[in-house]
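Coordinates in review
Below, each chain spelled out in residue letters.
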Amino acid sequence: MTRIISSLAEVSAAYDALYCDLWGCLHNGHTPWPAAVAALRDFRAKGGRVVLMTNAPRPNRFVEAQLDRMGVPRDAWDMIVSSGDAAQAGMFSGMVGRRVYHLGPEKDLGFFTDIPADFAGAPAIERVPLEEAEGIVCTGPFDEMTETPEDYRATFLYARAKGLKLLCTNPDIVVDFGDRRIYCAGALAALYEEMGGTSLYFGKPHPPIYDLARRRLAATGAEVEPSRVLAVGDGILTDIQGGLAEGLDTLFVTGGLAAEAFGIDVEAPDPSLLSPWLRARQLSPTLAIGRLR
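Let us look at the structure shown here. None of these values were measured; they are calculated from a predicted model.

1. Here's the deal with the packing of aromatic side chains
Aromatic ring pairs are reported here in terms of the distance separating the ring centres and the angle at which the planes meet. Under the criterion given, the structure shown has nine aromatic pairs. Relative to W277, the ring of F252 lies with its centre 5.6 Å away and its plane at 10°, an arrangement referred to as stacked. Of this pair, F252 sits in strand 13 (residues 249–253) while W277 sits in helix 9 (residues 271–280), placing them 25 residues apart in sequence. Considered together, F252 and W277 belong to a single accessibility category, that of buried residues. Through pairs of rings, three or more aromatic residues link up here, namely F142, Y152, F156 and Y192. Directly above the aromatic system of F112 lies the positively charged group of R127, at a separation of 5.6 Å from the ring centroid. Positioned above the aromatic ring of W33, the side-chain terminus of R291 is 4.8 Å from the ring centre.

Okay, structure coming up:
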């Protein structure tokens, strides 16, 4: 049975680290939520570690710069682990070849140019036209504000015929950008699989991003037991499913992507609506909260 709480402070003593999602939890794509910032600051003040775990398709330093522009204070978190970080390791390891077609906007070019130290000596990755590619690296639609996965059906038919694998840097299907819902790389990767292609995933709910978070925490001297980690997020099939698969306690932020399903008060999910919604998805988060605070 999922327990509904009104604040993180109610349960924070039970945990040494948070794996906290960004979009829908800490900010809405434009501005941070002050109550969420305060909750993370309070958790850290009590000795906890905050790992911002995001399915952003960019290396963590680009995510950090975005948070700075939004005004998220540095003392609200300890480190950032992105799907882009985990997916970079896959790309530089050659999982989709060395000559790749980049499906995504120019803002994601840092994925190719910000080379991790571990792969500084690896053979170069070259971005080429689809006709010359050995594989696809998908960071999202070219125009995320207007395009849908269906706009890429012809591209994917051609890629599937060539036997190209698609490396998905962000498994999210959609995300709320302010008051607008936009498609992410995960929606394109899902369509490619439906059409018979092969997609490779590195962000939540898949294991590589959690392994990376554990290794980065350990590198700081923090060996945190899984029972003392709380995975926080509004994505039931990413944040929550991924946390459960890793054996972690989970906190479902109901006021994010699925807010309309749980009643008129986004801050207080209706238990009579939440329970059947979770049963239908056969998932049972440890905890639930309207908005992170």
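2. A closer look at the nonpolar core
Within the largest apolar cluster, 35 residues are counted, with the highest numbers of intra-cluster contacts made by L40, L52 and L251. Secondary structure elements with two or more residues in this core: strand 2 (17–20), helix 1 (34–45), strand 3 (49–54), helix 2 (60–70), strand 12 (229–233), strand 13 and strand 14 (287–289). Looking at this core element by element, the count peaks at five residues for helix 1. L52 has contacts with C20, L22, L26, L40, L67, W77, M79, I80 and V81, leaving out every residue within four places of it along the chain. Counting 29 residues, the second-largest nonpolar core is a separate cluster that includes V96, F202, L212 and L217.

3. A few points about empty space enclosed by the protein
With the rule as written, the count across this model stands at one cavity of 30 Å³ or more. Residue lining of the largest cavity: T254, G255, A259, F262, G263, D265, V266 and P269, and that is the complete set. Split into classes, the residues belonging to the lining of the largest cavity amount to four nonpolar, three polar and one charged.

4. Brief notes about the pattern of salt bridges
Two side chains that carry opposite charge are able to pair once their charged atoms sit near each other. This structure, assessed with the given rule, holds 19 salt bridges. Two residues, D42 and K46, come together in a salt bridge whose shortest N-O distance is 3.1 Å. Judged by relative accessible area, which is 31%, D42 ranks as partly exposed. Take K46: its relative accessible area is 52%, and that puts it in the exposed class. Residue K204 is joined to D239 by a salt bridge in which the shortest nitrogen-to-oxygen separation is 2.6 Å. Of the two residues, K204 sits in the loop between strand 11 (198–201) and helix 7 (207–219) while D239 sits in helix 8 (residues 236–245), which places them 35 residues apart along the sequence. With respect to class, K204 is no different from D239; both count as buried. Taken together, the shared-partner salt bridges connect D21, K204 and D239 into one network.

Criteria and thresholds
- Residues numbered from 1 in each chain as written.
- Predicted model: local features only at pLDDT ≥ 70, side-chain atom pairs only at ≥ 80, totals over all residues.
- Heavy atoms only, no water.
- Phe/Tyr/Trp six-rings, centres within 6.5 Å; stacked < 30°, edge-to-face > 60°.
- Helix = DSSP H or I, 4+ residues; strand = E, 2+ residues; numbered from the N terminus.
- Buried < 20%, exposed > 50% of the residue type's maximum accessible area, 1.4 Å probe, protein only.
- Lys NZ or Arg CZ within 6 Å of the ring centre and 35° of its normal.
- Core = buried A, V, L, I, M, F, W, Y, C linked by side-chain atoms within 4.5 Å.
- Contact = heavy atoms within 4.5 Å.
- 1 Å grid on protein atoms, 1.4 Å probe; cavity = no way out; pocket = protein on both sides within 12 Å on 5 of 7 lines; lining within 4 Å.
- Points joined across faces, edges and corners; volume = space filled by probe spheres on them.
- Nonpolar A, V, L, I, M, F, W, Y, C, P; charged D, E, K, R; others polar.
- Salt bridge = Lys/Arg side-chain N within 4 Å of Asp/Glu carboxyl O.

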